[in-house]
Amino acid sequence: MTSLIRVENVSKRFTPRLTLGEKIAAALGQPIETRTVHAVDGVDLDIRKGEVLGLVGESGCGKSTLGRVIAGIHHPSEGSALLDGTPVMSTRHGKTTTRVQMVFQDPFASLDPRIRVGETIAEGPIAHDLVERREAAVYVTRWLEAVGLPADAAGRFPHQFSGGQRQRVAIARALAMQPDVLVCDEPVASLDVSIQAQIVNLFLKLRRDLGLTMLFISHDLSVVRHISDRVAIMYLGRIVETGPTEGIYRAPRHPYTRALLDSVPRLVTDSAELVTFKPIAGELPSPLAPPPGCHFHLRCAKAQPRCRLDIPARTPCGAGRDVACHFPLEDR
Amino acid sequence: MEPTSPFGRFWQEFRQNRIALGALIVVALIVLIAVLSPWITPQNPYDLSNLVLTDARRPPGFIGSKGFTHWLGTDAQGRDLFSAILYGLRISIQVGLVAGALAFAIGVTLGTFAAYLGGRIEALIMRVIDLQLSFPAILLALVLAAVLGQGKGPLIAALVTAQYAYFARTAHGAASAERSKEYVEAALSTPLPPRRVVFRHILPNCLPPLIVVATVQIANSIALEATLSFLGLGLPVSEPSLGMLIANGFQYMLSGRYWISIYPGVALIVLIVAINLVGDQIRDQLNPRLRR
Amino acid sequence: MTAPLLQVENLATHFMTRSGPLKAVDGVSFSVQPGEIVGLVGESGSGKSVTGFSILGLIDPPGRIAGGSVKLAGEELVGLPPSALRAIRGRRISMVFQDPSATLNPVLTIGHQMRLAIEAHETVGEKAARDRAAEALLRVGIPDAARRLDAHPHQFSGGMRQRVAIAIALLNRPALIICDEPTTALDVSIQAQILTEMKALARDLGTAMIWISHDLATVSSIASRLLVMYAGRIIEEGPVADVLRAPHHPYTAGLLASLPANAEPGQDLVQIPGSTPSLFALPPGCAFSPRCPHARPQCGTMPDLVREGARGVRCHFPLEIRGRA
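Here the structure is a predicted model, which is why all the values come from computation and not from measurement.

Parameters and conventions
Residues numbered from 1 in each chain as written. Chains lettered and ligands numbered in written order. Predicted model: local features only at pLDDT ≥ 70, side-chain atom pairs only at ≥ 80, totals over all residues. Heavy atoms only, no water. Helix = DSSP H or I, 4+ residues; strand = E, 2+ residues; numbered from the N terminus. Buried < 20%, exposed > 50% of the residue type's maximum accessible area, 1.4 Å probe, protein only. Contact = heavy atoms within 4.5 Å. Areas by Shrake-Rupley, 256 points an atom, 1.4 Å probe, with all protein chains shown as cover. Pairing = 2+ DSSP bridges. Patch = residues over 30% accessible without salt bridge, like charges linked within 9 Å, V, L, I, M, F, W, Y side chains within 5 Å. Salt bridge = Lys/Arg side-chain N within 4 Å of Asp/Glu carboxyl O. Polar contact = N/O pair within 3.5 Å; in protein donor to acceptor, adjacent residues only side chain to side chain. Phe/Tyr/Trp six-rings, centres within 6.5 Å; stacked < 30°, edge-to-face > 60°. Lys NZ or Arg CZ within 6 Å of the ring centre and 35° of its normal. Axes fitted to C-alpha atoms, helices over the stretch in contact; angles between N-to-C directions. Parallel < 35°, antiparallel > 145°, perpendicular 65-115°, else oblique. Left-handed = near helix turned anticlockwise from the far one by under 90°. Nonpolar A, V, L, I, M, F, W, Y, C, P; charged D, E, K, R; others polar. Buried area = accessible area lost by both parts, 1.4 Å probe.

J.: I'm lost on the overall build of chain B in this one. Help?
T.: For chain B, the helix and strand inventory stands at 11 helices and 2 strands. Seen through its principal axes, chain B has C-alpha atoms that stretch 75 × 50 × 30 Å. Looking at chain B as a whole, 47% of its 292 residues are labelled buried. Long-range pairs, those at least 24 residues apart, make up 69% of the contacts in chain B with a sequence separation of at least 6. Total accessible area on chain B is roughly 13900 Å²; 67% of this is exposed by carbon and sulfur atoms.

Below, the structure is given as structure tokens:
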């Protein structure tokens with residue numbers, strides 16, 4: 001298996017700029033609280049050619065930031081995201097490749113409201129000489145059809161479409177760049193339930209037809225299970241577990257993965273069934289001040305003194321899986 | 001049929017406000033009359049050979065020696081006031097529009113690129129602009145007009161310098177907000193060339209607040225030009241703009257020859273109020289908080 | 001059967017718009033028994049939230065309650081003057097919103113806000129109010145409650161803020177809480193905590209709830225009875241487990257079938273074609289008919305909501321029932 005995308009030791013920190021007053025105070029020797037957020041903290045990750053990798057985690061865990069580093073929107077603070085061995089971004093010129101494209105969560109925000117759909121789809125390919133300007137209309141029609149939209153959609157504005165149709169437009173825009181890798185950040189989260197299935201099916205079809213490699217970022221564990229070959233679980237900026245989807249869902253090794261899976265409400269079809277959750281105790285710690293050692297130890301039922309001190313490394317645990325835990329779970 | 005383009009929908013809503021629509025018609029009429037003034041005025045007030053001194057300071061309705069009626073009277077040089085007002089409007093609108101457009105172009109480019117580039121460049125540009133905004137525009141314009149001398153060019157330069165900062169501030173604020181939106185991220189991840197991201201995507205989405213500022217600033221630059229001319233720092237005396245007409249007539253106010261000052265003043269007020277009414281409606285329509 | 005706590009009859013809420021009246025809620029009838037948790041499920045535009053707001057009389061112009069009745073323990077609420085409605089809101093019926101910042105004032109401490117909420121309905125001493133507030137916070141699982149009363153909303157995390165909002169809703173021991181997507185903005189692990197706690201609270205205090213959500217799985221884990229809305233009408237109702245096991249309306253069946261949990265990984269999901277209809281351009285008759293695989297010419301007329309035992313369905317050709325016939 002060859003890796004198409006290789007994420008090497010990527011960290012992304014956000015430091016809010018100090019105000020003038022704070023700078024003066026700092027210059028005068030006053031200790032100033034730094035509010036650096038370690039959104040992504042030393043992540044290694046491979047995405048293999050042709051696979052769909054699901055990236056799962058709760059809000060604030062850094063999954064969207066990691067996706068944006070891979071898609072070439074954010075410069076990593078350390079490390080780099082490589083496509084076929086070449087960095088996706090250069091310090092000087094920003095994003096250097098068109099082979100990684102992105103689909104965003106909210107199609108109401110990700111399409112420029114003042115630009116007709118046809119131009120939205122065509123402008124990237126024209127700017128990168130994938131298509132001649134005079135052949136753009138035919139080209140746009142082709143991609144509109146690929147995502148299940150009529151050709152006359154090109155002449156309309158985003159507000160004339162429903163949420164599901166807009167997301168199709170956003171997908172067509174990404175596909176028209178003829179990418180090898182598609183980074184999808186919560187692409188169905190803002191859609192109605194009856195529309196989610198349509199978009200999930202579209203992704204399945206595109207993957208079959210175009211052989212796309214995908215990073216599918218979502219907090220919805222059931223959607224990720226449905227669409228992904230492998231999953232990576234993220235907690236507070238670090239990846240805690242990766243492996244083939246079925247294995248992880250059947251027998252999670254990391255206590256956090258287990259707790260997450262236990263938190264998902266299931267459909268109750270038997271009135272005698274008593275619904276019980278085993279909720280994770282406590283709150284997600286602030287990414288401004290993550291706990292030392294294993295980030296999860298404060299909420300972990302199995303935490304030992306060692307977990308407060310040492311950061312667990314990702315260790316292979318068989319069947320193509322690895323887990324970052326000092327005391328991984330066994331099969332149930 | 002429901003119009004689908006953003007502009008079509010905007011116009012549909014705009015014309016439902018009678019007052020704003022009326023104000024827009026007034027603005028359009030004034031502009032039209034001002035543009036056509038050489039063909040509809042009985043006299044060229046800037047041609048000194050046309051002026052008859054014996055006809056000076058005559059009240060409205062006076063039939064002059066050239067045989068036509070001075071409906072709004074004449075000024076101290078014997079100019080037909082109606083003609084002078086139209087020519088004055090022409091200059092005022094011309095100066096206001098050109099200065100407004102230049103200030104818009106310079107300010108918006110600076111503000112938008114500052115927001116797009118961020119970092120030190122942004123800080124530098126915006127601090128200079130903040131510094132300038134802390135001086136009153138009239139003071140800057142006065143100093144510049146005094147230094148650069150009389151004439152249209154220096155006047156426009158003074159107005160632009162006094163006003164571009166407002167556009168830059170507004171553009172910077174709007175563009176900073178747009179910069180963090182997902183459609184800009186989408187453009188960056190394509191990636192589209194920076195120029196296209198700024199001019200095709202960010203800028204058009206910043207236009208709503210800028211259009212509002214533009215209407216206000218055009219009205220302001222017309223008023224500012226009138227003020228400078230009133231103070232004698234604007235255009236030459238031989239080509240009086242509205243401000244100078246008012247200034248020239250001012251000394252006759254107490255002697256009962258009100259028309260020399262009042263009529264140019266009324267023309268100025270009508271123009272500025274009408275532009276502001278149009279601007280108010282545009283602002284109300286573009287302000288999402290006032291929308292239902 | 002005991003007398004219902006809440007009886008909604010033929011409720012209609014319309015919004016006056018430039019393109020004509022928009023019937024957000026169009027003839028909705030249901031009842032809530034004391035202590036019962038009723039799930040109200042629908043997609044965006046189905047009228048589920050507007051139904052919740054209408055019960056409390058929280059409809060602002062251009063919207064208005066165009067008809068029908070809402071009876072709380074036999075007392076009619078529709079048409080009551082605002083002052084009388086205010087006396088009921090927060091005391092006998094309270095509401096929890098998706099976004100807790102809709103409830104919480106950012107500049108007041110939690111304790112202050114909770115005292116105001118108590119004092120809106122009765123006169124109590126400061127000490128008594130504080131004790132009651134601390135007790136309510138403790139009940140929703142906020143540790144160190146007495147000290148947290150002096151904190152401002154921004155000092156709480158999202159999940160904690162929602163807990164505070166729930167605590168405020170509980171303060172005056174209302175008989176009914178209307179919860180509008182209270183866990184949608186929260187992470188699954190926090191959602192699981194809150195679902196567990198809300199369920200225990202309802203049981204311990206005997207509080208009835210209307211749980212509004214778009215998520216069938218969440219509703220099924222807390223509610224005992226389910227109402228499914230589509231385009232302003234209830235199209236199916238019944239005990240949660242029964243409806244989810246054997247839906248009668250093709251829309252409910254389609255929704256269930258489209259869930260990834262009900263499909264083999266990697267296989268195409270069952271999808272409902274088309275998109276949710278615009279309330280401005282509803283088809284004649286059954287609003288779901290253009291998307292329905294079983295639609296026939298008769299569906300051009302509006303079917304009645306037919307109740308049979310605990311179940312009810314608004315369809316000319318209901319599933320299962322038709323299968324048996």
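J.: Help me understand the pairing of strand 3 (residues 37-41) of chain C, please; the structure alone is not making it clear to me.
T.: Side-chain direction in a regular strand flips from residue to residue, so the side chains alternate between the two faces of the sheet. Residues and elements named next belong to chain C. Across the 5 residues that make up strand 3, a large majority, 5, are buried. A two-sided burial pattern is seen for strand 3, the buried positions comprising Ile37, Gly39 and Val41 on one face and Val38 and Leu40 on the other. Inspection of the sheet shows strand 3 paired to strand 8 (residues 208-213) by 5 bridges, in the parallel sense. Bridge assignment links valine 38 to a residue of strand 8, and that residue is isoleucine 210.

J.: Looking at this structure, how should I read a nonpolar patch on the surface?
T.: All names here are of chain B. Side chains of Val26, Phe230, Leu231, Phe250, Met253, Leu254, Tyr258, Ile262, Val266 and Val270 sit close together on the surface and give an oily, nonpolar patch of about 910 Å² of accessible area. Tracing the chain through its elements places methionine 253 in the loop between helix 10 (242-250) and helix 11 (259-286). Exposure remark for methionine 253: the relative accessible area of 31% places this residue in the partly exposed category.

J.: Teacher, can you tell me more about the environment of C:Ser49 here?
T.: All names here are of chain C. Within the secondary structure, serine 49 sits in helix 1 (residues 48-55). Along the backbone, serine 49 and isoleucine 178 are 129 residues apart, and their C-alpha atoms lie at a distance of 9.7 Å. Excluding residues that lie within four positions of it along the chain, serine 49 makes contacts with Asp180 and Ile212. In this structure the side chain of serine 49 is engaged in a polar contact, spanning 3.1 Å, whose partner is the side chain of aspartate 180.

J.: Looking at this model, I keep getting lost on the packing of aromatic side chains. Mind explaining?
T.: Each aromatic ring pair is described using two quantities: the centre-to-centre distance and the angle formed by the ring planes. A complete count under the given rule lists 15 aromatic pairs over all chains for this structure. Aromatic pair B:Trp11 and B:Phe14: ring centres 5.9 Å apart, planes at 20 degrees, arrangement stacked. Taken together, the residues span about one helical turn, with B:Trp11 and B:Phe14 both in helix 1 (residues 6-14) at a distance of 3 residues. On the basis of relative accessible area, B:Trp11 is assigned to the partly exposed category, the value being 34%. For the pair B:Phe113 and B:Phe199, a centre-to-centre distance of 5.8 Å together with 65 degrees between the ring planes defines the contact as edge-to-face. A residue pair is termed long-range when its members are at least 10 positions apart, and B:Phe113 in helix 4 (residues 81-117) and B:Phe199 in helix 9 (residues 194-230) qualify at 86 residues. For B:Phe199, a relative accessible area of 39% puts it in the partly exposed group. An aromatic cluster of at least three residues, connected via ring pairs, comprises A:Tyr235, A:Tyr256 and A:Phe296. One residue, C:Arg148, lies across the ring of C:Phe156, its end atom 4.3 Å from the ring centre.

J.: Got a minute to help me understand the packing of helix 7 (residues 152-179) of chain B against helix 9 of chain B in this structure?
T.: Any two packed helices are characterised by how steeply their axes cross, that is the angle between the axes, and by the distance between the axes. Residue and element names in this part refer to chain B. Where helix 7 contacts helix 9, the axes come no closer than 9 Å and their chain directions differ by 160 degrees. Accordingly, the angle class assigned to the pair helix 7 and helix 9 is roughly antiparallel. Regarding helix 7 and helix 9, the two cross each other, and that crossing is right-handed. Residues that form the contact of helix 7 with helix 9 fall into these classes: 16 nonpolar, 6 polar and 3 charged.

J.: Is there a simple way to explain the environment of C:Cys292 in this structure?
T.: Residues and elements named next belong to chain C. Summarising the element assignment, cysteine 292 is placed in the loop between helix 10 (250-258) and strand 11 (306-308). Classification of cysteine 292 as buried rests on a relative accessible area of 16%. Placed 19 residues apart in sequence, cysteine 292 and proline 273 show a C-alpha to C-alpha distance of 8.2 Å.

J.: Explain the sheet that holds strand 5 (residues 75-76) of chain C here, please?
T.: Strand pairing in a sheet takes place through backbone hydrogen bonds and is either antiparallel or parallel in direction. Residue and element names in this part refer to chain C. The 4 strands are arranged 2-1-4-5 in an open sheet whose pairing can be described as antiparallel. In the strand order of this sheet, the two ends are held by strand 2 (20-32) and strand 5, each with one partner. Bridging between strand 1 (residues 6-17) and strand 4 (residues 63-72) involves 8 bridges; their strand directions are antiparallel. Paired with phenylalanine 15 across the bridge in strand 4 is glycine 63. With respect to the sheet, helix 1 is in contact with strand 1, strand 2 and strand 4, its orientation differing from that of strand 1 by roughly 110 degrees.

J.: Please explain the packing of helix 2 (residues 18-35) of chain B against helix 4 of chain B as it appears in this structure.
T.: Residues and elements named next belong to chain B. Interaxial distance between helix 2 and helix 4 falls to 8 Å at its minimum, and their mutual angle equals 110 degrees. In terms of orientation, helix 2 and helix 4 fall into the roughly perpendicular class. Of the residues in helix 4, those in contact with Ile30, Val31, Ile33, Ala34 and Val35 of helix 2 are Leu86, Leu89, Arg90 and Ile93.

J.: What is the right way to read the pattern of salt bridges from this model?
T.: Residues and elements named next belong to chain A. Counting across every chain of the model gives 46 salt bridges over all chains. Close ionic contact of arginine 238 with aspartate 41 constitutes a salt bridge, the shortest N to O distance being 3.4 Å. In this pair, arginine 238 is assigned in strand 12 (residues 238-244) and aspartate 41 in strand 2 (residues 37-48), connecting sequence segments 197 residues apart. When the shortest N-O distance is used, the salt bridge between glutamate 132 and arginine 134 registers 3.8 Å. Here glutamate 132 falls in the partly exposed class, since its relative accessible area comes to 44%. Assessed through its relative accessible area of 68%, arginine 134 is described here as exposed.

J.: Please explain the interface of chain A and chain C as it appears in this structure.
T.: Think of interface size as the accessible area that goes away when the parts come together; that is how it is often given. Listed by partner, the interface residues are 35 residues for chain A and 48 residues for chain C. Both faces combined, the contact of chain A with chain C buries some 3300 Å², and carbon together with sulfur accounts for 56% of it. Of all residues in chain A, A:His226, A:Leu267 and A:Glu283 bury the most surface against chain C, accounting for 20% of the area lost on that side. Between the two partners, chain A and chain C, sit 1 salt bridge. The residue C:Asp268 makes a salt bridge to A:Arg208 at a minimum N-O spacing of 3.8 Å. Our count for the contact surface shared by chain A and chain C stands at 14 residue pairs in polar contact (both at pLDDT 80 or more). Elements that contribute at least two residues to the side of chain A that touches chain C include exactly helix 7 (193-210), helix 8 (221-227) and helix 10 (255-263) of chain A. Looking at the side of chain A that touches chain C element by element, the count peaks at 9 residues for helix 7 of chain A. Classifying every residue of the side of chain A that touches chain C gives 15 nonpolar, 11 polar and 9 charged.

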